[in-house]
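# Structural overview for review
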Amino acid sequence: MSLQQNSAAVAAASAHVEAWGKGDYDAARAALANDVWVTVLAADPNFPKTDLRGVDAYMQGLTQYADGIVPGSTEVVDAVGDDKQALLAVNARVKYGPDAPEMDAPGARMYVFDEDGKIKIEHVLFFLS
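Numbers given to residues run from 1 along each chain, matching the order in which its sequence is written. Side-chain atom pairs in this predicted model are given and counted only at pLDDT of 80 or more, local residue features only at pLDDT of at least 70, and totals for whole chains, interfaces and linings cover all residues. No hydrogens and no water enter the side-chain calculation; it runs on all heavy atoms of the structure.

## Some points on the environment of Tyr25
In DSSP terms, a helix is any run of H or I states spanning at least four residues, a strand is any run of E spanning at least two, and both are numbered starting from the N terminus. Relative to the helices and strands, Tyr25 is located in helix H2 (residues 25–30). Distance from Tyr25 to Ala9, taken between C-alpha atoms, is 20 Å for residues 16 residues apart in sequence. Other than its neighbours up to four places away in sequence, Tyr25 contacts Trp20, Met59, Thr63, Ala66 and Asp67. Any N or O atom pair separated by 3.5 Å or less is treated as a polar contact, with the protein-specific requirement of one donor-capable and one acceptor-capable atom, and with residues adjacent in sequence counted only for side-chain atom pairs. A distance of 2.7 Å separates polar atoms of two side chains, one belonging to Tyr25 and the other to Asp67. Only heavy atoms enter the contact rule, under which two residues are in contact if any of them lie within 4.5 Å.

## Quick word on the sheet that holds strand S8 (residues 119–126)
A pair of strands is considered paired only if DSSP assigns at least 2 bridges between the two. Read across the open sheet, the 6 strands follow the order S2-S1-S8-S7-S4-S3; overall the sheet is mixed. Each end of this open sheet is capped by a strand with a single partner; those strands are strand S2 (50–53) and strand S3 (75–81). Going from strand to strand, the sheet's axes swing by 15 degrees on average, the running direction of each strand aside. Two strands pair when backbone bridges link them, and strand S4 (residues 85–91) and strand S7 (residues 107–113) are joined in this way by 6 bridges, in the antiparallel orientation. Geometry is summarised by axes, namely lines fitted to C-alpha atoms with helices restricted to the contacting stretch, and by angles between N-to-C directions that run from 0 to 180 degrees.

## Comments concerning the nonpolar core
For this analysis, a nonpolar core means a set of buried residues of the types Ala, Val, Leu, Ile, Met, Phe, Trp, Tyr and Cys, connected via side-chain atoms within 4.5 Å. Only protein chains enter the area calculation, which uses a 1.4 Å probe; residues under 20% of their type maximum are buried, those over 50% are exposed, and those in between are partly exposed. Grouped together as the largest cluster of nonpolar side chains are 32 residues, with contacts concentrated most on Trp20, Tyr65, Leu88 and Tyr111. Listing elements by their share of this core, those giving two or more residues are helix H1 (8–21), strand S1 (32–42), helix H3 (55–66), S4, S7 and S8. Those residues in contact with Trp20 that lie beyond four places of it in its chain are Tyr25, Ala28, Leu62, Tyr65, Ala66, Ile69, Thr74, Val90, Arg109 and Tyr111.

## Some points on the packing of aromatic side chains
Here a Phe, Tyr or Trp ring, Trp counted by its six-membered ring, pairs with any other such ring whose centre lies within 6.5 Å, and the pair is stacked when the planes are under 30 degrees apart, edge-to-face when over 60, and tilted otherwise. For the structure shown, the criterion picks out 4 aromatic pairs. Ring centres 5.8 Å apart and planes at 70 degrees place the aromatic pair Trp20 and Tyr65 in the edge-to-face group. Taken together, the residues Trp20 in helix H1 and Tyr65 in helix H3 connect sequence positions 45 residues apart. Across this residue pair, the class does not change: Trp20 and Tyr65 are buried. Look at Tyr65 and Phe126: their rings are 5.1 Å apart centre to centre, the planes differ by 40 degrees, and that puts the pair in the tilted class. One end of the pair, Tyr65, is in helix H3; the other, Phe126, is in strand S8, and 61 residues separate them in sequence. Pairwise contacts between aromatic rings join Trp20, Phe47, Tyr65 and Phe126 into one cluster.

Taken by themselves, the reported measurements are silent on function.
Below you can see the structure in the form of structure tokens.
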């Protein structure tokens, strides 16, 4: 199958990003397979590597990240995929604490969906600036 910017996986992944970007954690959770696996790396070697399995662990990590998002700043910049996989370029502004500076948090997110259209695998790479 050829890659498309408007594929089923791109639509599902984009809806997931929109949900957590707005703080709709119920919708974000509903998009996950029970055995979801997520890894997160950053260009900064001091950023801790994340390797989580299961919905509860995933959602704990997601809310730690997404609670710092500046409202309205999350956007899908580019996307490509097919019926089961999607690769998204996503940007958000983040601020972690009242005295912390706002930062851009551009990243790439690769999704693999199961046969029920739920997120089975997500790999995230950040470049925090």
